[in-house]
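An overview of the molecular structure
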Amino acid sequence: LRGHREEVFIATKAFPHHLTRGGVVRAAQRSLRRLGTDTIDLYQVHFPNPLIPLSQTMGGMSDLMNEGLVRQVGVSNFGLGRWQRAERALGSAVISNQVHYHLLKRKAMDTLLPYAREEGRVVIAYSPLAQGVLAGRYGPGEAPGGVRARNVLFTPRNLLKLGPFMEVLRSVAGAHGATLAQIALAWLIHDPQVIAIPGAKSMEQVEE
(Lines give C-alpha, C1' and ligand atoms only; values in the text may rest on other atoms or scores of the structure.)
Protein backbone atom coordinates (compact mmCIF):
# COMPACT_ATOMS: atom_id res chain seq x y z
CA LEU A 1 0.00 0.00 0.00
CA ARG A 2 3.01 2.29 0.12
CA GLY A 3 2.27 5.31 -2.02
CA HIS A 4 -1.47 4.50 -2.06
CA ARG A 5 -2.39 5.00 1.59
CA GLU A 6 -5.21 7.49 0.99
CA GLU A 7 -6.81 5.18 -1.58
CA VAL A 8 -7.51 2.44 0.97
CA PHE A 9 -9.38 2.00 4.23
CA ILE A 10 -7.43 0.02 6.81
CA ALA A 11 -9.32 -1.91 9.48
CA THR A 12 -7.74 -4.14 12.10
CA LYS A 13 -8.54 -5.47 15.56
CA ALA A 14 -7.37 -5.78 19.14
CA PHE A 15 -7.62 -9.28 20.60
CA PRO A 16 -9.65 -9.85 23.79
CA HIS A 17 -6.55 -10.20 25.99
CA HIS A 18 -5.37 -6.70 24.93
CA LEU A 19 -8.45 -4.82 26.13
CA THR A 20 -7.10 -2.95 29.15
CA ARG A 21 -6.55 0.76 28.58
CA GLY A 22 -2.81 0.39 28.13
CA GLY A 23 -3.14 -2.93 26.32
CA VAL A 24 -5.33 -1.42 23.61
CA VAL A 25 -2.85 1.40 23.04
CA ARG A 26 0.17 -0.89 22.87
CA ALA A 27 -1.59 -3.34 20.53
CA ALA A 28 -2.49 -0.49 18.16
CA GLN A 29 1.04 0.86 18.20
CA ARG A 30 2.39 -2.58 17.28
CA SER A 31 -0.15 -2.87 14.46
CA LEU A 32 0.86 0.53 13.11
CA ARG A 33 4.51 -0.53 13.03
CA ARG A 34 3.70 -3.79 11.25
CA LEU A 35 1.44 -2.04 8.75
CA GLY A 36 4.00 0.68 8.08
CA THR A 37 1.43 3.45 8.47
CA ASP A 38 0.66 6.19 10.98
CA THR A 39 -3.13 5.85 11.21
CA ILE A 40 -5.66 3.02 11.47
CA ASP A 41 -8.97 3.99 9.85
CA LEU A 42 -11.05 1.55 11.90
CA TYR A 43 -9.77 -0.11 15.07
CA GLN A 44 -12.07 -2.82 16.35
CA VAL A 45 -12.50 -4.89 19.49
CA HIS A 46 -12.20 -8.45 18.17
CA PHE A 47 -14.50 -10.02 20.77
CA PRO A 48 -15.92 -8.80 24.10
CA ASN A 49 -13.97 -9.68 27.23
CA PRO A 50 -16.34 -9.78 30.22
CA LEU A 51 -13.39 -9.69 32.64
CA ILE A 52 -12.22 -6.24 31.47
CA PRO A 53 -14.58 -3.27 31.92
CA LEU A 54 -15.61 -1.45 28.78
CA SER A 55 -14.46 1.77 30.44
CA GLN A 56 -10.89 0.42 30.27
CA THR A 57 -11.14 -0.65 26.64
CA MET A 58 -12.83 2.50 25.42
CA GLY A 59 -10.49 4.64 27.49
CA GLY A 60 -7.64 3.20 25.45
CA MET A 61 -9.56 3.75 22.24
CA SER A 62 -10.19 7.37 23.23
CA ASP A 63 -6.47 7.87 23.88
CA LEU A 64 -5.67 6.52 20.42
CA MET A 65 -8.23 8.79 18.77
CA ASN A 66 -6.96 11.84 20.65
CA GLU A 67 -3.44 11.08 19.43
CA GLY A 68 -4.66 10.72 15.84
CA LEU A 69 -3.54 7.09 15.66
CA VAL A 70 -7.09 5.77 15.17
CA ARG A 71 -9.83 7.51 13.18
CA GLN A 72 -12.88 5.40 14.08
CA VAL A 73 -13.67 2.74 16.67
CA GLY A 74 -15.60 -0.46 16.03
CA VAL A 75 -16.52 -3.64 17.86
CA SER A 76 -17.16 -7.24 16.89
CA ASN A 77 -19.66 -9.78 18.17
CA PHE A 78 -21.38 -7.26 20.47
CA GLY A 79 -25.08 -7.45 21.26
CA LEU A 80 -27.03 -4.21 21.10
CA GLY A 81 -26.79 -3.45 24.82
CA ARG A 82 -23.04 -3.96 24.96
CA TRP A 83 -22.63 -1.88 21.78
CA GLN A 84 -24.54 1.00 23.35
CA ARG A 85 -22.56 0.72 26.59
CA ALA A 86 -19.35 0.86 24.56
CA GLU A 87 -20.52 4.12 22.98
CA ARG A 88 -21.31 5.62 26.35
CA ALA A 89 -17.89 4.57 27.64
CA LEU A 90 -16.16 6.05 24.59
CA GLY A 91 -18.24 9.23 24.66
CA SER A 92 -18.72 9.12 20.90
CA ALA A 93 -19.88 6.80 18.13
CA VAL A 94 -18.66 3.22 17.95
CA ILE A 95 -19.22 3.30 14.24
CA SER A 96 -19.39 -0.42 13.41
CA ASN A 97 -20.22 -3.85 14.78
CA GLN A 98 -18.83 -6.87 12.93
CA VAL A 99 -21.11 -9.88 13.37
CA HIS A 100 -21.89 -13.27 11.84
CA TYR A 101 -24.60 -12.41 9.30
CA HIS A 102 -25.76 -14.05 6.10
CA LEU A 103 -28.90 -15.44 4.43
CA LEU A 104 -28.96 -18.40 6.80
CA LYS A 105 -28.12 -16.45 9.97
CA ARG A 106 -30.22 -13.30 10.29
CA LYS A 107 -30.20 -12.44 14.00
CA ALA A 108 -28.54 -9.10 13.23
CA MET A 109 -31.82 -7.99 11.65
CA ASP A 110 -33.65 -8.11 15.00
CA THR A 111 -31.93 -5.26 16.87
CA LEU A 112 -28.51 -4.42 15.43
CA LEU A 113 -29.66 -3.29 11.98
CA PRO A 114 -32.54 -1.13 13.25
CA TYR A 115 -30.09 0.60 15.60
CA ALA A 116 -27.54 1.07 12.81
CA ARG A 117 -30.18 2.66 10.57
CA GLU A 118 -31.44 4.93 13.33
CA GLU A 119 -28.02 6.09 14.52
CA GLY A 120 -25.99 6.01 11.28
CA ARG A 121 -23.85 3.04 12.29
CA VAL A 122 -22.62 0.11 10.19
CA VAL A 123 -23.03 -3.64 10.55
CA ILE A 124 -20.10 -5.53 9.03
CA ALA A 125 -21.17 -9.03 7.95
CA TYR A 126 -18.43 -11.61 8.41
CA SER A 127 -18.70 -15.08 6.84
CA PRO A 128 -21.32 -13.62 4.46
CA LEU A 129 -21.23 -16.75 2.28
CA ALA A 130 -21.59 -19.16 5.23
CA GLN A 131 -18.06 -20.49 4.67
CA GLY A 132 -18.85 -21.36 1.07
CA VAL A 133 -22.33 -22.91 1.46
CA LEU A 134 -24.02 -19.90 -0.16
CA ALA A 135 -21.58 -20.05 -3.06
CA GLY A 136 -22.89 -23.54 -3.85
CA ARG A 137 -19.62 -25.22 -3.00
CA TYR A 138 -21.01 -27.81 -0.59
CA GLY A 139 -23.97 -30.14 -0.39
CA PRO A 140 -24.88 -33.66 0.80
CA GLY A 141 -21.79 -35.80 0.40
CA GLU A 142 -19.62 -32.73 -0.26
CA ALA A 143 -18.81 -31.42 3.23
CA PRO A 144 -15.48 -29.62 3.72
CA GLY A 145 -12.59 -30.77 5.87
CA GLY A 146 -10.32 -28.85 8.21
CA VAL A 147 -11.70 -26.31 10.65
CA ARG A 148 -14.99 -26.05 8.73
CA ALA A 149 -15.77 -29.67 9.52
CA ARG A 150 -16.60 -28.59 13.10
CA ASN A 151 -19.35 -26.25 11.89
CA VAL A 152 -22.79 -27.83 12.48
CA LEU A 153 -23.92 -26.29 9.20
CA PHE A 154 -21.87 -28.96 7.41
CA THR A 155 -23.44 -32.03 9.00
CA PRO A 156 -25.00 -34.32 6.38
CA ARG A 157 -28.45 -33.71 7.89
CA ASN A 158 -28.18 -29.93 7.68
CA LEU A 159 -26.71 -29.94 4.18
CA LEU A 160 -29.63 -32.12 3.09
CA LYS A 161 -32.15 -29.76 4.72
CA LEU A 162 -30.60 -26.85 2.80
CA GLY A 163 -31.52 -28.43 -0.54
CA PRO A 164 -34.81 -26.55 -1.12
CA PHE A 165 -33.27 -23.25 -0.04
CA MET A 166 -30.34 -23.69 -2.42
CA GLU A 167 -32.76 -24.44 -5.28
CA VAL A 168 -34.48 -21.09 -4.67
CA LEU A 169 -31.11 -19.34 -4.56
CA ARG A 170 -30.13 -20.98 -7.87
CA SER A 171 -33.40 -19.87 -9.41
CA VAL A 172 -32.86 -16.25 -8.36
CA ALA A 173 -29.26 -16.33 -9.58
CA GLY A 174 -30.34 -17.75 -12.93
CA ALA A 175 -32.98 -15.03 -13.34
CA HIS A 176 -30.32 -12.37 -12.93
CA GLY A 177 -27.47 -14.03 -14.80
CA ALA A 178 -25.46 -14.04 -11.57
CA THR A 179 -23.62 -16.54 -9.40
CA LEU A 180 -25.00 -17.81 -6.10
CA ALA A 181 -22.32 -15.88 -4.23
CA GLN A 182 -23.22 -12.63 -5.99
CA ILE A 183 -26.89 -13.02 -5.01
CA ALA A 184 -26.05 -13.85 -1.40
CA LEU A 185 -23.78 -10.80 -1.14
CA ALA A 186 -26.25 -8.53 -2.94
CA TRP A 187 -28.94 -9.53 -0.43
CA LEU A 188 -26.70 -8.22 2.35
CA ILE A 189 -25.41 -5.01 0.83
CA HIS A 190 -28.73 -3.81 -0.56
CA ASP A 191 -29.01 -2.36 2.94
CA PRO A 192 -26.82 0.78 3.00
CA GLN A 193 -25.92 0.11 6.64
CA VAL A 194 -24.30 -3.24 5.79
CA ILE A 195 -20.79 -4.01 4.59
CA ALA A 196 -19.91 -7.59 3.66
CA ILE A 197 -16.38 -8.99 3.95
CA PRO A 198 -16.19 -12.24 1.97
CA GLY A 199 -12.96 -14.18 1.86
CA ALA A 200 -11.30 -14.90 -1.47
CA LYS A 201 -8.54 -17.33 -2.40
CA SER A 202 -7.98 -16.18 -5.98
CA MET A 203 -8.12 -13.08 -8.16
CA GLU A 204 -11.08 -14.65 -9.99
CA GLN A 205 -13.04 -14.83 -6.74
CA VAL A 206 -12.22 -11.19 -5.97
CA GLU A 207 -13.42 -10.12 -9.41
CA GLU A 208 -16.63 -12.16 -9.08
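As a reminder, the structure under discussion sits directly above these lines.
Analysis parameters
Residues numbered from 1 in each chain as written. Predicted model: local features only at pLDDT ≥ 70, side-chain atom pairs only at ≥ 80, totals over all residues. Heavy atoms only, no water. Phe/Tyr/Trp six-rings, centres within 6.5 Å; stacked < 30°, edge-to-face > 60°. Helix = DSSP H or I, 4+ residues; strand = E, 2+ residues; numbered from the N terminus. Buried < 20%, exposed > 50% of the residue type's maximum accessible area, 1.4 Å probe, protein only. Salt bridge = Lys/Arg side-chain N within 4 Å of Asp/Glu carboxyl O.

1. Thoughts on the packing of aromatic side chains
The geometry of two aromatic rings is summed up by the distance between their centres and the angle between their planes. Applying the stated criterion across every chain, the model contains two aromatic pairs. Summarising the aromatic geometry, the rings of W83 and Y115 are spaced 5.2 Å apart at their centres and angled 70° between planes, so their arrangement reads as edge-to-face. Taken together, the residues span a long stretch of sequence, with W83 in helix α3 (residues 80-90) and Y115 in helix α4 (residues 112-119) at a distance of 32 residues. Comparing W83 with Y115 shows no difference in burial state: the two are buried.

2. Details of the pattern of salt bridges
Applying the stated criterion across every chain yields a total of six salt bridges. With a shortest N-O distance of 2.6 Å, D41 and R71 are connected by a salt bridge. Note that D41 is positioned in strand β2 (residues 40-45) and R71 in strand β3 (residues 70-76), a separation of 30 residues in sequence. On the basis of relative accessibility, which here comes to 3%, the residue D41 falls in the buried class. Ionic contacts of the salt-bridge type, sharing partners, join the residues R5, D41 and R71 into one network.

Purely spatial values, then, with no claim about function.
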